[in-house]
Amino acid sequence: MTPSISVSHLSKAYGPTVAVNDLSFTVHPGQVLGVLGANGSGKTTTLKALLGLIDHQGEVNILGFNTRSQRTQMLKHVAFISDTNTLPTWMTALQAIEVMNDLHPHFNAAQAIASLQKTTIAPTTKIKDMSKGMVVQLHLALVLAVNARVLILDEPTLGLDILYRRHFYDTLINEYMTEERTIVITTHQLEEFENLLTDVLLIKNGQSLLNTSVDNAHNTYAWVDGVHPQALDVRTSVLRHSTSLIKTADANGAQVIARPTMSDIFAALAKENV
């Protein structure tokens, strides 16, 4: 299967600081990739490379288009949402739809209006009068109406309350995701996004520390009873009972008591001393 996204030996330095170092990964249609990492790990630089916003070493292609030399063609099929995205505050919701209809060749204004009708946003509401949650809903309606084949999300629900976050997730699942489309998400709200992910890329110090399917990650690691000599993480309850996160292959007879969440795995692997 031809990948939607192909990153090969991506490297980027800012002066003496290496942000990304020889990073390679692929994402295929139907996959939802979570890009995880602590602050300063290289996530933002990786996203900028995907969007063609920076010069870099290595090759980055989306849908067969080089994201730097063929950026205009690439962006016709890619949409992006981040927590810092801004829309002109003087516009009404309807004016934003009309502008997008004029600017983007694949934009479906009727679809955007239909999406807007599922929210509490009136077409005449100005963006400056909307809450942050309403702005995200409008932005999502605009982006989905582009019918992009690749959707890149950078902390899309940061600062939103639970109701807006749930609406966002439900909309992604029910109105956007198909087996022909691809989503890339960076988020610190991993617990809420975990059920959406099919694959994970954990970046540490600009390099890939883990790049696998969520199912494989769950099977590769396990919580076992007691303090294990090969523990990646140890947790002790208020009753002083300890459990250890280990690689399943290192169990050596230890009692497996639970499969870890991706948050568990991320927290353990992202530690500086691991």
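Whatever comes next refers back to the structure up there.
This one's a predicted model, so the numbers in the text were calculated from it and none came from an experiment.

J.: What am I meant to see in the overall build of the chain here?
T.: Across its full length, the chain carries nine helices and 14 strands. What you see for the chain is a C-alpha radius of gyration of 21 Å, in line with the 19 Å of a compact globule of 274 residues. Here the C-alpha coordinates of the chain stretch approximately 65 × 45 × 35 Å along the principal axes. For the chain, buried positions account for 47% of its 274 residues. Counting contacts in the chain only where the partners sit at least 6 residues apart, residues at least 24 apart contribute 66% of the total. Surface accessibility of the chain: about 13,400 Å² in total, with carbon and sulfur atoms responsible for 51%. Each charge sign in the chain was given a centre, from 20 positive and 24 negative side chains, and these centres are 4 Å apart.

J.: Teacher, can you tell me more about the pattern of salt bridges here?
T.: Between side chains of opposite charge, a pair can form when the charged atoms approach closely. For the structure on display, the rule yields four salt bridges. The salt bridge partner of D55 is R68, with a shortest N-O separation of 2.6 Å. Highlighted residues: D55 in the loop between helix 1 (43–50) and strand 4 (57–62) and R68 in the loop between strand 5 (65–66) and helix 2 (71–75), separated in sequence by 13 residues. Given the relative accessible area of 37%, R68 is considered partly exposed.

J.: Please explain the sheet that holds strand 1 (residues 5–14) as it appears in this structure.
T.: Picture the strands of a sheet paired through backbone hydrogen bonds; they go either parallel or antiparallel. The strand order 2-1-4-5 describes an open sheet built from four strands, whose pairing is antiparallel. If you trace the sheet from one side to the other, it starts and ends with strand 2 (17–27) and strand 5, each paired once. With two bridges joining them, strand 4 and strand 5 adopt antiparallel strand pairing. Across the sheet, the residue bridging to I62 is F65, located in strand 5.

J.: Please clarify how the packing of helix 5 (residues 132–144) against helix 6 (residues 162–176) should be interpreted in this entry.
T.: Each pair of packed helices gets described by two things: the angle between the helix axes and the distance between those axes. Contact geometry of helix 5 with helix 6 gives a least axis separation of 10 Å together with a crossing angle of 10 degrees. Compared by their axis directions, helix 5 and helix 6 come out roughly parallel. Here helix 5 contributes G133, M134, V136, Q137, L140 and L144 to the contact with helix 6, which in turn contributes Y164, H167, F168, T171, L172, E175 and Y176. When grouped by side-chain class, the residues that make up the contact of helix 5 with helix 6 number eight nonpolar, four polar and one charged.

J.: Explain the sheet that holds strand 9 (residues 199–204) to me, please; I cannot follow it from the model alone.
T.: Judged by pairing direction, the sheet is mixed, and its six strands sit side by side in the order 6-7-8-3-9-10 without closing on themselves. Strand pairing shows two members of the sheet lacking a second neighbour, strand 6 (78–82) and strand 10 (207–213), which therefore form its edges. Averaged over all pairs of adjacent strands, the angle between strand axes in this sheet comes to 15 degrees, irrespective of strand direction. Docked against the sheet, helix 6 engages strand 6, strand 7 (150–154) and strand 8 (182–186), running at close to 175 degrees with respect to strand 7.

J.: Mind showing me how you'd approach the nonpolar core here?
T.: Note that soluble globular proteins tend to have their nonpolar side chains buried in a common cluster. By size, the foremost hydrophobic cluster in this structure holds 51 residues, and its most contacted members are L138 and F168. With eight residues, helix 5 is the largest single contributor of residues to this core. Each residue touching L138, except ones within four places of it in the same chain, is listed here: L87, A93, L116, I121, I127 and M130. One finds V7, A49, L51 and V150 within the second-largest nonpolar core, a separate group that totals 25 residues.

J.: Just checking my understanding: could you explain the packing of helix 4 (residues 109–116) against helix 5 for this structure?
T.: Across the interface, helix 4 lies against helix 5 with an axial gap of 8 Å and an inter-helix angle of 150 degrees. By the criterion of interaxial angle, the relationship of helix 4 to helix 5 is roughly antiparallel. The two elements helix 4 and helix 5 meet at a crossing, and its hand is right-handed. Contacts from Q111, A112, S115 and L116 in helix 4 reach L138, A141 and L144 in helix 5.

J.: Got a minute to help me understand helix 4 in this structure?
T.: One turn of an α-helix holds 3.6 residues; hence residues three or four places apart share an orientation. For helix 4, the complete set of buried residues consists of A112, S115 and L116. End-on, the buried residues of helix 4 take up no more than an arc of 100 degrees, which puts them together on one face. Residues of helix 4 that are buried make contact with helix 3 (93–103), helix 5 and helix 6. Between the side-chain oxygen of the N-cap and the backbone nitrogen of A110 there are 3.2 Å, and the N-cap of helix 4 in question is N108.

J.: When you look at the environment of T220 in this model, what are you seeing that I'm missing?
T.: With respect to the helices, strands and loops of the structure, T220 is situated in helix 8 (residues 214–220). In contact with T220, not counting residues within four places along its chain, are I246, K247 and T248.

Rules of the game
Residues numbered from 1 in each chain as written. Predicted model: local features only at pLDDT ≥ 70, side-chain atom pairs only at ≥ 80, totals over all residues. Heavy atoms only, no water. Helix = DSSP H or I, 4+ residues; strand = E, 2+ residues; numbered from the N terminus. Rg over C-alpha atoms; globule rule 2.2 N^0.38 Å. Buried < 20%, exposed > 50% of the residue type's maximum accessible area, 1.4 Å probe, protein only. Contact = heavy atoms within 4.5 Å. Areas by Shrake-Rupley, 256 points an atom, 1.4 Å probe, with all protein chains shown as cover. Lys, Arg positive; Asp, Glu negative; His and termini not counted. Charge placed at Lys NZ, Arg CZ, Asp CG, Glu CD. Salt bridge = Lys/Arg side-chain N within 4 Å of Asp/Glu carboxyl O. Pairing = 2+ DSSP bridges. Axes fitted to C-alpha atoms, helices over the stretch in contact; angles between N-to-C directions. Parallel < 35°, antiparallel > 145°, perpendicular 65-115°, else oblique. Nonpolar A, V, L, I, M, F, W, Y, C, P; charged D, E, K, R; others polar. Core = buried A, V, L, I, M, F, W, Y, C linked by side-chain atoms within 4.5 Å. Left-handed = near helix turned anticlockwise from the far one by under 90°. Arc of directions from axis to C-beta. Polar contact = N/O pair within 3.5 Å; in protein donor to acceptor, adjacent residues only side chain to side chain.

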